[in-house]
Every structure is written in structure tokens, then in C-alpha cells.
Amino acid sequence: MDIRSQVSMVFHLDKCLGCHTCSVACKNIWTDRKGAEYMWWNNVETKPGTGYPTKWEDQGIYKGGWEKVGGAISLKGAGKQKGLLNIFHNPNMPVIDDYYEPYTYQYLDLIESPAGDDQPTARPVSLITGKPIDIKMGPNWDDDLGGSPDFARNDPNLKDLSPAEQEAMFQLERMAFFYLPRICNHCLNPACVASCPSGAIYKRGEDGVVLINQNVCRAWRMCVTACPYKKTFYNWHAGKSEKCILCYPRIESGQAPACMHSCVGRIRYLGVVLYDADRIHETASVAEQDLIDHHMSMLMDPFDPAVIAAAKANGIADSTLHAAQSSPVYKFVKEWGLALPLHAEFRTLPMLFYVPPLLPVMAAVKEVSHREQEGKLSSVAKTWDDSWLYDTSTEELWGAIDQARFPLKYLANMLSAGDEARIKDPLKKLMAIRIYRRWKTVGDISQQKALDALGDAGYTPEMADAIYYLTSLAKFDDRFVIPAAHREHAIEMLEYTGDNRGNAGFGFKAGTMQRGM
Amino acid sequence: MSWLNNFLFVALPYVAVVIFCVGAVYRYRASGFQYSSLSSQFLEGRGSYLFSMLFHWGILILFIGHLVTFLFPAMTLAWHSDPVRLIIDEIVALALGLGVLIGLAGLLVRRISHPRLWVVTSRMDLMIELLLLAQIVLGLWTALGYRWGYYWFAADLSPYLWSVVKLNPQIEAVSAMPVVIQAHVVGAFIILGMIPFTRLVHFLVAPFHYLWRRQQLVMWYWDRKRVRDPGAGWTETRPGNN
Ligand code: SF4
Ligand code: SF4
């Protein structure tokens, strides 16, 4: 047992508003620079949709992540042989147009144009060339299912759905969507690290943050291909790759990362998880249907004396162990079994977990008879001419999940490597909590029914209360349990981050960042 | 003319080597951040595939060929005593040279014809690209005009280069060579001296160590086995990788 600690995350998708505050917070701090304009270390995409960069989930195109070859795993599009042979030209790398060409507008023209018959306009100009461009795509071009059929209908997660099911999803009356906020997952088996020929990318032992050393990166661009989540980005101006740094200077000083701190929906949780590093390789190599269970079983119980002893032998501080014991992430992922990793089949063992969205899944559009409908509604309610009903009733305990207006298969493709039973489990649990709270607050459900629902989901009322608290009422310190950085052991932790006198800028001792030669 | 020959074949090589060594080390230490291949594939896409491959593989193999002939002239002569091998190698080298020419010219056209690439092109980039182009043309001219280079390189040029290495330059042979070959030699020294100040530095940091490193890299700020040991002094728990 080789116990290590990882700063890990949970995003509660039911709570995300799609407001993009997180993305903007991140952009303002880290990527508002030349060459990084197109980068969104944090982005929020509408699902169904093709995402950012376009169709990133389709590894047939981008060749990201690991694939199982026989009993072992190897990188799909990079690695020692493929990477070095393709070093002069990387055929699987996304190019700027797969993201979008960054642009701004010539706002000054609005003010400075000479008087004339027409209103002046602010023309869009490329932030790369400075020349006027026709905008073809921008960040979140398909937000809220906007854009055109080119986006949502090309979602790679629709692959196993029958044409009828797909059609049903996109009928106007049934249209549903949710948001998927994404940052780097700070994986346990990171493809980006394994693919870097220079060895510039590394995982920090103490907290598991994955970083790119800008002084060692030589722009071989293999990480851009290898990361299946497309969360390493190539800075075309600096000639270096960059990625989400989990705001480590903030974490080291006890603050939540900017995206999490600013999250309006309070969907984000961050905390320490202890894991067994001896089992990384074995776990990443198991059969696809076992991936999630093995991944979960690597996350160790922070109250287990054997785990604590092993952690101490590995130099993990008491403060970190305490943080692990009150970690909201451990609760959501292990104790309550509510959160799943995104696209486990990429085999990078991501350490960002998602509570699947219940709302669009639960309610169903049903065809009902007029009489039935009228009977349900009060006399003052409007009755419709057609016979469709947006039904959020919970008469049958679990029926609504199967008849969801979002095919389960779709969510399963995203969050449980295609296994519908696996995604049903957290949905059922979420539903149980909802029924329980309905009994408590509204009272139109019987206590027996509420407790039955909890029992079916394997919860006690105490657990249900705790889940409700952490989901809905949790304060800042409940949502972010950040371990101390212990700089008394490692003053070097911030050595390169511009805190020395005479340093300028972030991460460099010499001047500002200059493009090389 | 002897002063010119002395300058080109005695002074220039030493100056070039010194500038190359001192410049490369200095720039690496002063601004290691700038050591990058500065790839522009991201802005342009698939168009560079053929040209980039032709250029890089071609120049890599030709460079190794030159190096081997310089370092092991006797071996080269012995190997090429068989005319079949000589002819095959001659054709291979010529083909590679043509490949490099096509690749380099293609890359130049690509760079000029994509407005996006202008913003990542410096004057130095163009200068070194044109120099390389001239060097490749001279090389091809040599290959076509003065056949059986494996012989005369090994017999005449290699001893000259070795005499430079041994700090006792003997320039008779090279002074008597045709102007085209002399220009090729001088071009090589100029490019060598310019490397530290151009994007070509990326070949100095070619990632061969990738072949034998472990795939995953984990870095620790302290020695985790010792950090909780009350007996360990704090200086001992400073890790090596910082
Ligand atoms: S999400 Fe991508 S960039 Fe982040 S650690 Fe995993 S493989 Fe690396
Ligand atoms: S700030 Fe929070 S609620 Fe808003 S889009 Fe980002 S994750 Fe969703």
C-alpha cells in the first residue's frame, strides 16, 4: 500500500446554471495573454453538444487517452514510438480551428468614425493576425443548444442511441439539456504526463496537481494529442503547452481555486482523497466494465487505521489526514456513491467526479388522455389542447428514471463507460433524497414511501440529511476543505512563482514571457 | 588569396565552434524558456505534413552521414570500395538532398502563404531558412557536379576537419577545392555559429531521454519517507528535484 493524497473535486451537475462565471474567473487570472486567448482551462459546455474543442470526446478523431492492447495499456495517439515518429508533424493534434479563432471587435470605430449616413459598426478582427475575419465559431457557440444542428446532433455520446431515440431527444417538445463544466481532471494515470517527450509534465506528489514546467516544454505538442479531455493547450505565441494548474498558488495559501470560489451555483466541491498508488497501473488496465469499480476501490477510507499508518509512513501530514477525513469529495464519491468520473473509458483515472444531473432525466413528456390530465389539475389550471404532459410526478418510485426524456444510454456514455445500470444507481439515490425531502418539506408524500425510497437507495435518514446539507446548504468551508501546504517543509514550493524580489511575472525569473528566438 | 582562405578555413571554424558552444550554453542558462521547437502546426494544420517530414528526416539522415564520414573516414572508404554500395549510397544521399530541398521550399511557401503564420515568423526565421536553402542547393550542386563525394570527403575534407579539431589546421586540400564545395563548407560553419540565436536550438534539446524514462513522472517537494521522522534535519528532507 503506497498511500498518497490527491486534491480532488466533485461537480454537482444538477446545480450548474451554465452561467460561465467559472470560465471567466479562470480566464481573467490565467489565460488573458497573447497566445492563450483561445484557451479555456475551465469551460462549460451544453450537453448534448460537440463541446470544446469540437468533438473532443471522439477519440477516433483525436486519438487521446489510453487503449487496452492485450493485457496492457498504451497511449492511443502518442507514446514512445508513435510520439517520437510523429515528432516532426503530429497528425492527431487539434488545430486552432477545432477550437475557434479568437477575435475581438474594433470598438474604437464606433466612436472615431467620421460622421456619415450610416451607423458605424465594430468589425470583428482576429486576435491572431489582427485582420478582419468572418467569425465561424466562438467560445460556447452552441450554448443552450444554440447554433445549428451541426452541434448537438454530432455529440459523440449519441453513438449507441438508435435513430429513433436520437430523434426523440431533439423533438422540440422534448428538448432537454444540461451543462457540463470541465477543467483538467488531474488524473492518477495522466496521459499528458506519459506522452511528454521532454518530461516537462509531472504530477506533484503531495497534492496530485498536474503541471507543465514551462522551462522544459519544447513544444513537441504530444500532450495536446494524448489528453483525451483536451485540457492541455498549445500556446502558439510562446511555443509552449499550458494547462489548468488547479490554481495551486491559491490552494497552497488555503484559498479555493478561482473557478470554484466564484461558482455561482455552488456546484463545486474540493477536498483531499487518499489513494493507493500501487494499484494505479492495474486499475487502469482492467476491462472496461470494471474500470469505475476499481477506480473507486483505489480511494481509501481515511478513518481506517491501516490507511492512516501507511499515509504517515509516506510523510502525509496530520493536517492533510484531517482534511481527508472531512473531505466533501470522499463523502460524495465513496460514502454516498453519488459521483462518477467523466469518460472512465479513457483510462486516465480522472480525479474530478460528477454528480449526474437528475432534472432533465427525471421529468418525462408523456402522452396522456385528456380526462386523466384534467383530473390531475385543479379547476383553475389551464388545460392543453394536445395530449402531451410534462410529467414530474413520482407515483412510481423508479419508473420515471427509465422513461426519462433523456435516454439513460446517453448519460451512461458520458459518465459510466456506457453501463446503464451504473448510471442508474446514483440517479436512483438522488431521486430518493428528493422524495425524502419532498415528504419533509411539502408533505404530500407519505413517510413510509419516503423511507422506502431511502431504504432502496441504501441510505439512512441521517445520511439523507447530510447529503441534503452538503448539496443545498453547505458553507464555503464545507465545500472546500483545503489541506495546509506545509511550507515549513518546502519553502521551494513557491520558488518559481514570482515571489522573490526582482522576479517579474508568474513563473519566470527573467523579464516577461518572450517568444523564443 | 591566402588571407581569405586562412580566414574562411582557419578562423571561421574556430569562431563558429566557440560561438556555438558559448552561445548555446549561455542562452540556455539565461533564457531556457526560449528553447522550443516553436511549432506552427497548430495555426495551420495538416498542410505541413509532407514537407516537414521530408525536411526533418532528410536533414537528420544527411547530417548523420556527414558526421560519420568526417569521424570515420577510413571506414567510409572501406565500405565504399564496393562500387554497388557506392552507387546506392550516392543515389540515396541525392534523393535525401532532393527531399530536403522540396521540404524546405514547401515549408517556406507555406510560411509565406498563410497570413496566420506571419505573426509567428521572425526575421531570423527567414534568414536561417534562406541560408539552409542555399546550403542545400550547394550540397546538391556538389553531389551532382562533383560525384563520388564519399571518396573525396573522406580522403580530403575529413583530414582537414580533423586537423582543425587537433588545433593544427591544414588547409591545402580544402583551398584547392572547387568554389561550390568551399561555399558549402563555409555555409556549414556560418549556420553552426548561428544556431544558438535561431529556432534551430530545438535540435539540441531533442528528447531522446524519453526512450528510457518511466512513463509517469511524480515530483516531491520533500523526501516523503523522512519528512515525518523527528530525527531528520530539515536540510535532509529537501528533495533532489528542486
Ligand atoms: S485531464 Fe488531461 S491534462 Fe489533465 S491530468 Fe488528465 S490527461 Fe493530463
Ligand atoms: S460558475 Fe458554477 S454554476 Fe456557473 S457555469 Fe460555472 S460551474 Fe456552472
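Just so you know, these numbers come straight off a predicted model, no measurement behind them. In every chain, residue numbers begin from 1 and rise along the written sequence. Chains and ligands are labelled by the order in which they are written, letters from A for the one and numbers from 1 for the other. Where local features are concerned, this predicted model is filtered to residues with pLDDT of at least 70; where side-chain atom pairs are given and counted, the filter is 80 or more; whole-chain, interface and lining totals use all residues. In computing side-chain properties, one takes all heavy atoms of the structure into account and sets aside hydrogens as well as water.

## With respect to the site of ligand 1
The environment of ligand 1 is made up of Cys184, Asn185, His186, Cys187, Pro190, Ala191, Cys192, Val210, Cys227, Tyr229, Thr232 and Lys243 of chain A. The residue inventory of the shell around ligand 1, partitioned by class, reads eight nonpolar, three polar and one charged. A single heavy atom is enough: if one lies within 4 Å of a molecule or strand, its residue is considered near that molecule or strand. Three residue categories are used. Nonpolar comprises Ala, Val, Leu, Ile, Met, Phe, Trp, Tyr, Cys and Pro, charged comprises Asp, Glu, Lys and Arg, and polar comprises the others, including Gly.

## Describing the domain arrangement of chain A
Residues and elements named next belong to chain A. Under the domain assignment used here, chain A contains domain 1 (14-247) and domain 2 (357-478). The partner domain 2 presents 16 residues to the 21 residues of domain 1 that form the contact. Defined in terms of a 1.4 Å probe, buried area is the accessible area two parts forfeit on being brought together, summed over both. Buried surface at the junction of domain 1 and domain 2, both sides included, amounts to about 1600 Å², of which 62% is carbon and sulfur. Here, a salt bridge means any side-chain nitrogen of Lys or Arg that lies within 4 Å of a carboxyl oxygen of Asp or Glu. At the surface where domain 1 touches domain 2, the tally comes to zero salt bridges. Throughout this description, a polar contact denotes any pair of N or O atoms lying within 3.5 Å of each other; where both atoms belong to protein, one of them has to be capable of donating a hydrogen while the other can accept it, and for residues adjacent in sequence the pair is counted only when both atoms sit in side chains. The interface formed by domain 1 and domain 2 includes four residue pairs in polar contact (both at pLDDT 80 or more). Breaking the side of domain 1 that touches domain 2 down by element, the ones donating at least two residues are helix 7 (163-170) and strand 7 (178-182). Start and end positions for the domains come from either an automated domain assignment or a database one. A contact between two residues is defined here by any heavy atoms of the two lying within 4.5 Å. Here a helix means four or more residues in a row that DSSP labels H or I, a strand means two or more in a row labelled E, and each is numbered from the N terminus.

## What to know about the packing of aromatic side chains
Pairing of aromatic rings covers Phe, Tyr and Trp, the last through its six-membered ring, and needs centres within 6.5 Å; plane angles under 30 degrees mean stacked, over 60 mean edge-to-face, and all others mean tilted. Counted by the stated rule, this structure contains 23 aromatic pairs over all chains. Aromatic side chains Tyr234 of chain A and Phe42 of chain B sit 5.9 Å apart centroid to centroid with 70 degrees between the ring planes, which places their arrangement in the edge-to-face category. Within this pair, whereas Tyr234 of chain A is found in strand 10 (residues 232-235), its partner Phe42 of chain B is found in helix 2 (residues 41-44), the two belonging to separate chains. Its relative accessible area of 1% is what places Tyr234 of chain A among the buried residues. An angle of 45 degrees between the planes, with centres 5.5 Å apart, marks the rings of Phe70 of chain B and Trp162 of chain B as tilted. Taken together, the positions of Phe70 of chain B in helix 3 (residues 49-71) and Trp162 of chain B in helix 8 (residues 149-165) put the pair 92 residues apart, joining distant regions of the chain. What makes Phe70 of chain B buried here is its relative accessible area of 17%. Type-normalised accessible area, obtained with a 1.4 Å probe on protein chains alone, sets the label of each residue: buried when under 20%, exposed when over 50%, and partly exposed for intermediate values.

## Remarks on the pairing of strand 7 of chain A
Residue and element names in this part refer to chain A. Counting buried positions along strand 7 yields five of five residues, so the element is predominantly enclosed. The alternating pattern of strand 7 places Phe178, Leu180 and Arg182 on one face and Tyr179 and Pro181 on the opposite face, and all of these are buried. Note: strand 2 (residues 43-47) against strand 7, five bridges, orientation antiparallel. Note that in strand 7 the partner of Val44 across the bridge is Pro181. Strands qualify as paired when DSSP identifies two bridges or more between them.

## Considering the sheet that holds strand 12 (residues 268-276) of chain A
All names here are of chain A. An order of 13-12-1-15-14 is seen for the five strands of this open sheet, with the pairing classed as mixed. On the outer flanks of this sheet lie strand 13 (299-300) and strand 14 (340-341), each paired with one strand and no other. Bridge count for strand 12 against strand 13 is two bridges, and the pairing is antiparallel. Counterpart to Tyr275 in the pairing with strand 13 is Leu299.

## Here's the deal with the site of ligand 2
Among the 14 residues in the neighbourhood of ligand 2, the closest are listed as Cys16, Cys19, His20, Cys22 and Cys263 of chain A. Of the residues belonging to the shell around ligand 2, the class tally is nine nonpolar, four polar and one charged.

## Considering unusual backbone geometry
All names here are of chain A. The omega torsion across Lys47 and Pro48 is 0 degrees, close enough to zero to call that bond cis. Note on placement: Pro48 falls in the loop between strand 2 and helix 2 (59-62). Following Tyr52, the chain continues to Pro53 via a peptide bond in cis, the omega torsion being -10 degrees. Structurally, Pro53 can be placed in the loop between strand 2 and helix 2. The phi dihedral of Asn140 falls on the positive side, at around 55 degrees, and the residue is not glycine. Summarising the element assignment, Asn140 is placed in the loop between strand 6 (124-126) and helix 6 (149-152). Here the phi dihedral of His186 falls at roughly 45 degrees; this positive angle occurs in a residue that is not glycine. Within the secondary structure layout, His186 lies in the loop between strand 7 and helix 8 (191-195).

## Overview of the sheet that holds strand 1 (residues 218-219) of chain B
Pairing is mixed across the open sheet formed by three strands, whose spatial order is 9(A)-8(A)-1(B). One side of each edge strand has no neighbouring strand; the edge strands of this open sheet are strand 9 (210-212) of chain A together with strand 1 of chain B. Inspection of the sheet shows strand 8 (residues 201-204) of chain A paired to strand 1 of chain B by two bridges, in the parallel sense. By the bridge assignment, Lys203 of chain A is partnered in strand 1 of chain B with Val218 of chain B.

## What to know about the side chain of His20 of chain A
Residue and element names in this part refer to chain A. Within the secondary structure layout, His20 lies in the loop between strand 1 (3-12) and helix 1 (21-31). Take His20: its relative accessible area is 15%, and that puts it in the buried class. Contacts of His20, omitting those with residues within four sequence positions, involve Val44, Asn140 and Asp143.

## Side note on the pattern of salt bridges
In total, this model carries 19 salt bridges over all chains according to the counting rule given. Salt-bridge contacts for Lys47 of chain A lead to Asp155 of chain A; the nearest nitrogen and oxygen are separated by 3.3 Å. With Lys47 of chain A in strand 2 and Asp155 of chain A in the loop between helix 6 and helix 7, this residue pair connects regions lying 108 residues apart in the sequence. Asp207 of chain A is the salt-bridge partner of Arg204 of chain A, the closest N and O atoms lying 2.7 Å from each other. Taken as a pair, Arg204 of chain A and Asp207 of chain A share a single burial class, namely buried. Several salt bridges converge on common partners, so that one network encompasses Asp2 and Arg4 of chain A together with Arg224 of chain B.

## A closer look at the environment of Pro356 of chain A
All names here are of chain A. Among the structural elements, Pro356 can be located in the loop between strand 15 (352-355) and helix 17 (359-362). With a relative accessible area of 0%, Pro356 lands in the buried category. In sequence terms Pro356 and Leu13 are 343 residues apart; their C-alpha atoms lie 5.7 Å from each other. Once residues lying within four places of it in the same chain are set aside, the contact partners of Pro356 are Leu13, Asp14, Leu338, Leu415, Ile423, Pro426, Leu427 and Leu430.

## Some thoughts on the side chain of Asn314 of chain A
Turning to its location among the elements, Asn314 of chain A is positioned in the loop between helix 14 (305-313) and helix 15 (318-325). Assessed through its relative accessible area of 4%, Asn314 of chain A is described here as buried. At 3.4 Å, the side chain of Asn314 of chain A forms a polar contact with the side chain of Arg224 of chain B. Setting aside its immediate chain neighbours within four residues, Asn314 of chain A contacts Asp2 and Ile3 of chain A together with Arg224 and Lys225 of chain B.

## A look at the interface of chain B and chain A
Facing the 58 residues of chain B at the interface are 73 residues of chain A. For the pair chain B and chain A, the two sides together bury roughly 6200 Å², of which 58% comes from carbon and sulfur. Looking only at chain B, the three residues that lose the most surface to chain A are Phe33, Phe42 and Tyr221 of chain B, adding up to 16% of its buried area. Along the contact surface separating chain B from chain A lie three salt bridges. A salt bridge links Glu101 of chain A to Arg116 of chain B, with the nearest nitrogen and oxygen atoms 2.6 Å apart. On the surface where chain B and chain A come into contact, there are 35 residue pairs in polar contact (both at pLDDT 80 or more). Put simply, the parts of the chain that give the side of chain B that touches chain A at least two residues each are helix 1 (2-31), helix 2, helix 3, helix 6 (115-118) and strand 1 of chain B. Per-class residue counts for the side of chain B that touches chain A are 31 nonpolar, 17 polar and ten charged.

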